[in-house]
Every structure is written in structure tokens, then in C-alpha cells.
Amino acid sequence: MASLVRHVTIDCADPFALAGFWAKALDGSLAEDDEEGDPAATVESAGASLLFIRVPDPKTAKNRVHFDLQPQDRTRDEEVERLVALGATVLADHRRPDGTGWVTMADPEGGEFCVERSRAERVATGDE
């Protein structure tokens, strides 16, 4: 059997705070033993396990890997609004007049990610 990905690991300045953002964004949960000030924090969610690790170096360039989020119970636009309320920022808006496209966002530490259309939105336009 091949290897499995156990965690996606993200370097950051404040593991507990950033893990808290992603736990809310992904409707996941922090590990029970994670506390503010810890050098690492883990988020468990239906889609992935994320491990946030404190590093001394600030983010200096575009991510080489990023998440593409697909809302499960709301539209892309509703999800963008929800994530902004949680502390994300919109970096680039690639939504088109026909409803296709995506939004590039940043988490509270500047990590880029995208929000795509929900599956229901894709089916409604014949894209699934």
C-alpha cells in the first residue's frame, strides 16, 4: 500500500489563532490538547487534517500549494461573505457575469486560498 497524507502542514506565526480560523472555515475542530501559545495546533475536518506549526520566518512569497474550497451548503458568494466575516480578505475576484469563476482570498496570516462555486451551482450551469 502507498503512503497516505496524514496532515497538510502550514508554517505560520500563531498556530492556535490560524488553526482557529481554519476550524471555523472548514466546520472542523481543534485538537482537544491545543492551547494558545503552543508551537503547533491541529484542525480535524471532513476534508483534511491540517497541522499549523510556528516558524520564525514571515511569509514572503505566493504559496506554492493552496486550498480550493467548494461550499457544501451555501453558494460561493455566501461562502466568501462568511469567510470575510471570519477574518479572511479578498485578494482577487475572478467571478464572471455568467456566474462562473472563483474568488482568491487570504487567511488572517496571508495564506492564499480560492473559493469555487458549490456543486449545486456547477450542476445548475451544466458544469458537473
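Worth saying up front: this structure is predicted, and the values here are computed from it rather than measured. All chains use their own residue numbering, which begins from 1 and follows the written sequence. Thresholds applied to this predicted model are a pLDDT of at least 70 for local features of residues and 80 or more for the giving and counting of side-chain atom pairs; totals over whole chains, interfaces and linings are not thresholded and use all residues. Based on all heavy atoms of the structure, the side-chain values leave hydrogens and waters out of the count.

Engineer: How should I be thinking about the environment of glutamate 44 in this particular structure?
Structural biologist: Put simply, DSSP H or I for four residues or longer makes a helix, DSSP E for two residues or longer makes a strand, and each gets a number counted from the N terminus. Considering the arrangement of structural elements, one finds glutamate 44 in strand β3 (residues 40-44). A simple rule labels every residue: compare its accessible area, found with a 1.4 Å probe on the protein chains alone, to the largest value its type can have, and call it buried under 20%, exposed over 50%, or partly exposed in between. You can call glutamate 44 partly exposed: its relative accessible area is 42%. In the structure, glutamate 44 is positioned 38 residues away from arginine 6 in sequence and 11 Å away in space, judged by C-alpha atoms. Should any heavy atoms of two residues lie within 4.5 Å, those residues are counted as being in contact. Apart from the residues within four sequence positions on either side, glutamate 44 is in contact with Gly28, Ser29 and Ser49. Only 3.0 Å separates the side chain of glutamate 44 from the side chain of serine 49, close enough to count as a polar contact. The term polar contact refers here to a pair of N or O atoms within 3.5 Å; inside protein, the definition further demands a hydrogen-donor-capable atom paired with an acceptor-capable atom, and it admits residues adjacent in sequence only when both atoms are side-chain atoms.

Engineer: Is there a simple way to think about the layout of surface pockets in this case?
Structural biologist: Summary: where empty space remains is shown by rolling a probe the size of a single water molecule over the atoms. Estimates place the volume of the largest pocket at around 550 Å³. Only protein atoms enter the 1 Å grid used here, on which a cavity is any set of points holding a 1.4 Å probe that cannot leave and a pocket is any open set flanked by protein within 12 Å on both sides along at least five of seven lines; residues with an atom within 4 Å of a point are listed as lining. Lining the largest pocket are 25 residues, with Ile10, Asp11, Lys59, Asn63 and Gly111 sitting closest to its centre. Counting residues per element, the ones that place at least two in the lining of the largest pocket are β1 (8-12) and α1 (15-25). Sort the elements by how many residues they give to the lining of the largest pocket and β1 lands first, with five residues. Three categories are distinguished: nonpolar for Ala, Val, Leu, Ile, Met, Phe, Trp, Tyr, Cys and Pro, charged for Asp, Glu, Lys and Arg, and polar for the others, with Gly belonging to the last. Its residues placed into classes, the lining of the largest pocket shows twelve nonpolar, five polar and eight charged. Grid points are joined across faces, edges and corners, and a volume is the space filled by probe spheres set on the points. Of the pockets and cavities examined, the second largest pocket occupies roughly 460 Å³. Contributing to the lining of the second largest pocket are 19 residues, with Ala25, Leu26, Leu69, Gln70 and Gln72 lying nearest its centre. Elements represented by at least two residues in the lining of the second largest pocket include exactly α1, β5 (67-69) and α2 (76-86). Of the residues forming the lining of the second largest pocket, the biggest block, three residues, is contributed by β5. For the lining of the second largest pocket, the class distribution of residues is eight nonpolar, four polar and seven charged.

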